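Observations on the model geometry
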Amino acid sequence: MILLTRLNGTTFAVNPDLVERIQEQPDTTVVLVDGTTFIVTETIDEVIDEIAEYRARVIALAHSMHFDAPAAVAASAKGPRRFGVVDGAKAPVRPVGGR
């Protein structure tokens, strides 16, 4: 979440993944994908910087996490093709053309 400030000085948090567009006319308006509109005191550049910093924090956090991943399996030893499987995790094998 990023923190933004309404014109009356109150702050609120918004999920930056829901921001559809930001415009200045002359006040900065943040429009979410569901059509909700917020007029904020921050400039367009400040809102964009907040979103970029949020995404950088998410990526940095993901890189800092340590997972006990299973050992890598050689490609020839994997058997049938498994779509959507990451790091050799077990997944059900679907027959070709089946559901």
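Residues numbered from 1 in each chain as written. Predicted model: local features only at pLDDT ≥ 70, side-chain atom pairs only at ≥ 80, totals over all residues. Heavy atoms only, no water.

Regarding the side chain of Glu42
Summarising the element assignment, Glu42 is placed in the loop between β5 (37–40) and α1 (44–64). A polar contact of 3.0 Å, which involves the side chain of Glu42, links it to the side chain of Thr5. With sequence-adjacent residues up to four places away left out, Glu42 is seen in contact with Leu3, Leu4, Thr5, Thr28 and Val47. (Helix = DSSP H or I, 4+ residues; strand = E, 2+ residues; numbered from the N terminus. Polar contact = N/O pair within 3.5 Å; in protein donor to acceptor, adjacent residues only side chain to side chain. Contact = heavy atoms within 4.5 Å.)

With respect to the nonpolar core
Residues Ile2, Leu4, Phe12, Val14, Val19, Val30, Leu32, Phe38, Val40, Val47, Ile51 and Tyr54 constitute the largest nonpolar core, which totals twelve residues. Among the elements of the structure, β1 (2–5), β2 (11–14), β4 (28–32), β5 and α1 are those that each provide at least two residues to this core. No other element matches the three residues that α1 contributes to this core. Here Phe12 is in contact with Ile2, Leu3, Leu4, Thr5, Arg6, Phe38 and Val40, once residues within four sequence places are set aside. (Core = buried A, V, L, I, M, F, W, Y, C linked by side-chain atoms within 4.5 Å. Buried < 20%, exposed > 50% of the residue type's maximum accessible area, 1.4 Å probe, protein only.)

A word on the side chain of Thr5
With respect to the helices, strands and loops of the structure, Thr5 is situated in strand β1. When its relative accessible area of 18% is taken as the criterion, Thr5 is described as buried.

Concerning the pattern of salt bridges
Under the counting rule described, the total for this entry stands at two salt bridges. Among the salt bridges present, the one from Arg55 reaches Asp17, with a minimum N-O distance of 3.0 Å. One end of the pair, Arg55, is in helix α1; the other, Asp17, is in the loop between β2 and β3 (19–24), with 38 residues separating them in the sequence. With a relative accessible area of 47%, Asp17 lands in the partly exposed category. Of the charged contacts, one joins Glu20 and Arg21 as a salt bridge, the two residues approaching to 2.5 Å between their closest N and O atoms. Judged by its relative accessible area of 39%, Arg21 is partly exposed. (Salt bridge = Lys/Arg side-chain N within 4 Å of Asp/Glu carboxyl O.)

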